[in-house]
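Observations on the model geometry
If you want the building blocks of each chain, they are given just below.
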Amino acid sequence: MISLESLEENFRFLTLEVANQVRATRDILEQPEKELVERLIARDDYIDNLKTIIENKCFSRIHSEKGAEQSESNRIRAIHIICVNLERIADHCVNIVSQLKHFNNPTFLHRYDFHTMFHPIQEGLDMILPVQRSQKVAQALTICKIEYELDNLYKERFDRIQEELRSYQQIDVGDLITALFIFRYLERIGDALLNVGEAFIFAFLGEKIKIHQFQALQEQSNAHRHDQ
């Protein structure tokens, strides 16, 4: 029988690998180097394989433990959902660095302060292992809220690029579109982090609750306490 400790060790490795991929992506955008891009793409194969190992272990444990407590089953299912989304984040990193070859001006992206979009992503990834240990719903909710923050940051950059496309300034249209693709991939990482946070909430509460539903429940609970 596959031990839960073995599964969680693989989960920890995957989480750390994906966090490193995000940091490497940020560094490559700062100073593109062919060797670093190739190394990042090569590490993506390792992440894919590790995700498959975890996935197989999750399915094996769920099917072999038919009498297991529901809480443990929920925990394993949440690990699987989180791993799928971690792999998705790593794929987005590969997509981002693959866009660099389309820039005519290698430093073009610096116009838009791309670092600002990486900060909440890195914070969310760094929270995953502590949240798994603490099992605190409030911390899981913090991961969910990163999606909203990234949506706003993406909207700011989208609006600026759209205005620059309309203004007929002496800016390379291809570079503008390439930058937009990169910011779109960063925004989609927020969607994956939202799924991670919601998976934790499912594991802790035993119910599939979307973030807007959970916030509504919290507001109702707070209102009820104030009325008492």
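Residues numbered from 1 in each chain as written. Predicted model: local features only at pLDDT ≥ 70, side-chain atom pairs only at ≥ 80, totals over all residues. Heavy atoms only, no water.

Along an α-helix, residues three or four apart share an orientation, since each turn contains 3.6 residues. If you check helix α6 (residues 173–205), its first and last C-alpha atoms are 48 Å apart, about what 33 residues at 1.5 Å a residue would give, namely 48 Å. Measuring from the backbone nitrogen of Gly174 back to the side-chain oxygen at the start of α6 gives 2.8 Å, which picks out Asp172 as the cap. Where α6 terminates, the next one or two residues include Gly206, which has phi positive at roughly 80 degrees. (Helix = DSSP H or I, 4+ residues; strand = E, 2+ residues; numbered from the N terminus. Expected span 1.5 Å × (residues − 1). Polar contact = N/O pair within 3.5 Å; in protein donor to acceptor, adjacent residues only side chain to side chain.)

Two cysteines form a disulfide when their sulfur atoms are joined by a covalent bond. As enumerated under the stated definition, the model contains 0 disulfides in all. Residue Cys83 stays outside any disulfide, its sulfur separated by 6.1 Å from that of Cys58, the closest cysteine. (Disulfide = S-S within 2.5 Å.)

Another point: the nonpolar core. Across soluble globular proteins, nonpolar side chains have a tendency to be buried as a group. By size, the foremost hydrophobic cluster in this structure holds 68 residues, and its most contacted members are Leu86, Ile89, Leu125, Phe183 and Leu186. Elements supplying a minimum of two residues to this core: α1 (4–30), α2 (34–64), α3 (70–98), α4 (115–134), α5 (137–166) and α6. It is α6 that provides the largest number of residues to this core, a total of 16 residues. (Core = buried A, V, L, I, M, F, W, Y, C linked by side-chain atoms within 4.5 Å. Buried < 20%, exposed > 50% of the residue type's maximum accessible area, 1.4 Å probe, protein only.)

This paragraph deals with the packing of α2 against α3. Where α2 contacts α3, the axes come no closer than 10 Å and their chain directions differ by 165 degrees. Relative to α3, the element α2 is oriented roughly antiparallel. Considering how the two elements wind past one another, α2 and α3 form a crossing that is left-handed. (Axes fitted to C-alpha atoms, helices over the stretch in contact; angles between N-to-C directions. Parallel < 35°, antiparallel > 145°, perpendicular 65-115°, else oblique. Left-handed = near helix turned anticlockwise from the far one by under 90°.)

So, on to the packing of aromatic side chains. Evaluated as defined, the whole model comprises 6 aromatic pairs. An angle of 80 degrees between the planes, with centres 5.9 Å apart, marks the rings of Tyr112 and Phe183 as edge-to-face. On the criterion of sequence distance, the pair formed by Tyr112 in the loop between α3 and α4 and Phe183 in helix α6 is long-range, its members being 71 residues apart. Accessibility classification places Tyr112 together with Phe183 in one group, the buried group. By way of ring pairs, the aromatic residues Phe103, Phe108, Tyr112 and Phe183 are connected into one cluster. (Phe/Tyr/Trp six-rings, centres within 6.5 Å; stacked < 30°, edge-to-face > 60°.)

This part takes up a nonpolar patch on the surface. On the surface, Leu165, Val173, Ile177 and Phe181 cluster together into a nonpolar patch covering about 340 Å² of accessible area. For the nonpolar patch, the leading source of residues is α6, giving 3 residues. Its place among the elements puts Leu165 in helix α5. Under the relative-accessibility criterion, Leu165 is labelled partly exposed at 36%. (Patch = residues over 30% accessible without salt bridge, like charges linked within 9 Å, V, L, I, M, F, W, Y side chains within 5 Å. Areas by Shrake-Rupley, 256 points an atom, 1.4 Å probe, with all protein chains shown as cover. Salt bridge = Lys/Arg side-chain N within 4 Å of Asp/Glu carboxyl O.)

So, about the environment of Ile201. Tracing the sequence through the fold places Ile201 in helix α6. The class of Ile201 is buried, set by a relative accessible area of 0%. A sequence separation of 64 residues divides Ile201 from Val137, and the C-alpha atoms of the two residues are 5.9 Å apart. Ignoring any residue separated from it by four or fewer positions in sequence, one finds Ile201 in contact with Val137, Ala140, Leu141, Cys144, Gly206 and Glu207. (Contact = heavy atoms within 4.5 Å.)

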